[in-house]
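Coordinate analysis (summary)
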Amino acid sequence: MRAMQRRFAVISVLIGSLALLAPGVFAVELAPGAPQTYVVRPGDTLWDIAGRFLRDPWRWSEVWRANPSVENPDLIYPGDVLELTMVAGRPVIGRADGRGGPRLVKLSPQVRTEAISAPVPTIRIGSIAPFLTQPHVADSDDIKRASYVVGFPDEHIVAGVHDAIYVRKIRASDVTQFQVLRPGDPLRDFDSGEVLGYEATFVANAVLERTGDPAKLRVTRMEREVAIGDRVIPADAERSLADFLPRPAPAGTRGRILSVVNGVSQIGQYDVVIIDRGARDRLEPGHVLEVFVGGEKERDQVRAGIANTDWLMESPFSSDFWLGRDYDFKGWRADEPSRDASLPLHPDYRRNTAEYVKPFERSGVLMVFRVFDRVSFGLILDTTRALRVGDWVAPPPA
């Protein structure tokens, strides 16, 4: 019962601390040395550009004045000139030339043509490209029901590019493009232990050649060899990250980092992580969350009698012992006065408040770029210290 009460007390402290992280009303602050104008260059990202102007890049949507006279006014292209102005005491950023979209390049007095130019992406696509069309997280029920590789036509042990594979129960031909996955470790809720999904390793792409049970598919691209038991699911369509603005996640969102995709123990900038919040928590691509370390119990070395020798002198014969009521009986000391004593003679009393809960400290920023029902992928955009699995995430101040 006492252990349960202590657990509830710790949870109450954590909830109270996280409540302090709730979004409030803050003025948008400019970054030190923010430029008055900036010419967008190839290779820029929206996050990079926002960081040049603002202390908090995720507040870009609050200051970005899109041009209503052009199609897709939220998109920014290389060559755009961005200008910082103040309106009613608030910073506003807009296109200095009043135009948007791909540049019109004059080649001669008679000919005009559009330069081939892609809009600036929100974040560095190279860091997340493998995760845009590859699931890497499979719902626990879906992965159990999915078709699977049952064998190979040519007595192979494994299959590679251009090899055929047999897959159980694909009877319809309306889907022809498939992905082969290898289920990995379960992703569990930190509090309840409930399985939220399975971290699935991408194996290969395959195209349907013949329906049936088994159906016949042919491997078109692979990252690792296909093995018996690998799961087969329909392939996702290509996804774009150039069409949203960074913005704070919904107020009240609280979650934890469940996993880091590259398997390292400490998480740094541009690592991809999985968090335990998803579409059912109203998360969408583009939502920004701050990462916090802390919330765990640490040993109080003073009360534990380690850092201050005066605590070691307290005993059941001191007034502090009887009046403070901070001690619990832990048992009998078997080694006093000697190991040869027939019975332990001295009781072992220890303070029951020899722990404290570390406060939360802001340590990084992540942006959600792919959302599943109960979990999401996020890219770590900034860190001030090494992050770890289990660290908390919460919305930044709005």
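Here, the structure is the one placed above.
Nothing here was measured: the structure is a model prediction, and the numbers come from that model.

In this section: the pairing of strand 17 (residues 255-260). Burial analysis of strand 17 places 6 of its 6 residues in the buried class, the great majority of the element. Judged from the 2 bridges that link them, strand 17 and strand 26 (residues 392-394) form a sheet pairing that is antiparallel. Residue pairing in the sheet places G255 in a bridge with V393 of strand 26. Across 3 bridges, the pairing between strand 17 and strand 18 (residues 272-275) is antiparallel. When the sheet's bridge partners are listed, I257 is paired in strand 18 with I275.

Two modes of strand pairing occur in sheets, parallel and antiparallel, and in both the strands are linked by backbone hydrogen bonds. Reading across from one edge, 1-3-4-2 is the order of the 4 strands in this open sheet, with mixed pairing throughout. Only two strands of the sheet have a single partner each, and these edge strands are strand 1 (37-39) and strand 2 (64-65). Of the pairings in the sheet, the one linking strand 2 to strand 4 (residues 90-95) comprises 2 bridges and is parallel in character. If you follow W64 over to strand 4, its bridge partner there is I93.

A few words now on the pairing of strand 18. Working note: regular strand, side chains alternate between the two faces of the sheet. Neither face of strand 18 is left uncovered, since the one carrying V272 and I274 and the one carrying V273 and I275 both have all their residues buried. Bridge count for strand 18 against strand 25 (residues 376-383) is 4 bridges, and the pairing is antiparallel. The partner of I275 across the bridge, within strand 25, is S376.

Once that is clear, we can look at the side chain of T45. Here T45 lies in the loop between strand 1 and helix 2 (46-53). Note on T45: relative accessible area 3%, which makes it buried. In terms of polar contacts, T45 uses its side chain to reach the side chain of D48, at 2.9 Å. Setting aside anything within four residues of it in sequence, one finds T45 in contact with V120, P121, T122, I123 and R124.

The next subject is the environment of R362. In this structure, R362 sits in strand 24 (residues 361-371). Judged by relative accessible area, R362 falls into the partly exposed class, the value being 34%. Residue contacts for R362: discarding those within four places in its chain leaves W58, E290, V291, F292 and T384.

Attention now moves to the packing of aromatic side chains. The description of two aromatic rings rests on the distance between their centres and on the angle between their planes. Tallying each qualifying case throughout the model produces 5 aromatic pairs. Ring geometry for F53 and W60: centres 6.3 Å apart, planes at 55°, overall tilted. You'll find F53 and W60 in the same group, each marked buried. An aromatic cluster is defined as three or more aromatic residues linked by ring pairs; in this entry it consists of F53, W60 and W64. In this structure, R256 is placed above the aromatic ring of F190, and the distance from its NZ or CZ to the ring centre is 4.3 Å. The side chain of R256 reaches across the aromatic face of W392, ending 4.3 Å from its centre.

Applying the stated rule across the entire model yields 14 salt bridges. The shortest N-O distance in the salt bridge between D56 and R55 comes to 3.1 Å. Residue classification places D56 among the buried positions, given a relative accessible area of 14%. Here D80 makes a salt bridge to R95, at a shortest N to O gap of 3.2 Å. Here D80, found in the loop between strand 2 and strand 3 (81-87), pairs with R95, found in strand 4; they are 15 residues apart in sequence, far enough to count as distant. Note on accessibility: D80 and R95 belong to one class, buried. Taken together, the shared-partner salt bridges connect E29, R55 and D56 into one network.

Before going further, it helps to spend a moment on the side chain of D391. Tracing the backbone through its elements, the reader meets D391 in the loop between strand 25 and strand 26. Buried charge D391 goes without a salt bridge, the closest partner of opposite sign being R388 at 4.4 Å. A polar side-chain atom of D391 sits 2.8 Å from the main-chain amide nitrogen of R388. Not counting residues up to four positions away in its chain, the partners in contact with D391 are G255, R256, I257, V291, F292 and V293.

A few words on unusual backbone geometry. The step from D213 to P214 runs through a cis peptide bond, and the omega angle for that step is 10°. Turning to its location among the elements, P214 is positioned in the loop between strand 12 (195-210) and strand 13 (215-222). Even without a glycine there, the phi angle at Y270 is positive, about 70°. With respect to the element layout, Y270 can be found in the loop between strand 17 and strand 18.

Within helix 2, burial applies to L46, W47, I49, A50 and F53. Down the axis, helix 2 shows its buried residues gathered within 160° of arc, on one side only.

W47, I123, I128, F369 and F377 are the most contacted members of the largest nonpolar core, which totals 21 residues. Of all the secondary-structure elements, those providing two or more residues to this core are helix 4 (125-132), strand 18, strand 24 and strand 25.

Rules behind the numbers
Per chain, residues are indexed from 1 in the order of the written sequence. Per-residue local features of the predicted model are confined to residues with pLDDT of at least 70, and side-chain atom pairs are confined, for both listing and counting, to 80 or more; whole-chain, interface and lining totals are unaffected and use all residues. Side-chain numbers here rest on the full set of heavy atoms in the structure, without hydrogens or water. Think of it in three bands: residues with accessible area under 20% of the maximum for their type are buried, residues over 50% are exposed, and the middle band is partly exposed, with areas taken using a 1.4 Å probe on protein chains only. Helix and strand assignments come from DSSP, with helices taken as H or I runs of at least 4 residues and strands as E runs of at least 2, each series counted from the N terminus. Note: two strands are recorded as paired if DSSP finds a minimum of 2 bridges between them. N or O atoms within 3.5 Å of each other form a polar contact, as long as, within protein, one can give a hydrogen and the other can take it, and as long as residues adjacent in sequence are counted only when both atoms are side-chain atoms. Any pair of residues with heavy atoms lying within 4.5 Å of one another is described as a contacting pair. Pairing of aromatic rings covers Phe, Tyr and Trp, the last through its six-membered ring, and needs centres within 6.5 Å; plane angles under 30 degrees mean stacked, over 60 mean edge-to-face, and all others mean tilted. Note on criteria: charge over ring means Lys NZ or Arg CZ within 6 Å of the ring centre, with the direction from the centre no more than 35 degrees off the ring normal. Salt bridges, as used here, are contacts in which a Lys or Arg side-chain nitrogen is within 4 Å of a carboxyl oxygen on Asp or Glu. Here Asp and Glu are counted as negative and Lys and Arg as positive; His is not counted, and neither are the chain ends. What the arc covers is the set of directions going from the helix axis to the C-beta atoms. Residues belong to one nonpolar core when they are buried, are Ala, Val, Leu, Ile, Met, Phe, Trp, Tyr or Cys, and are joined through side-chain atoms within 4.5 Å.

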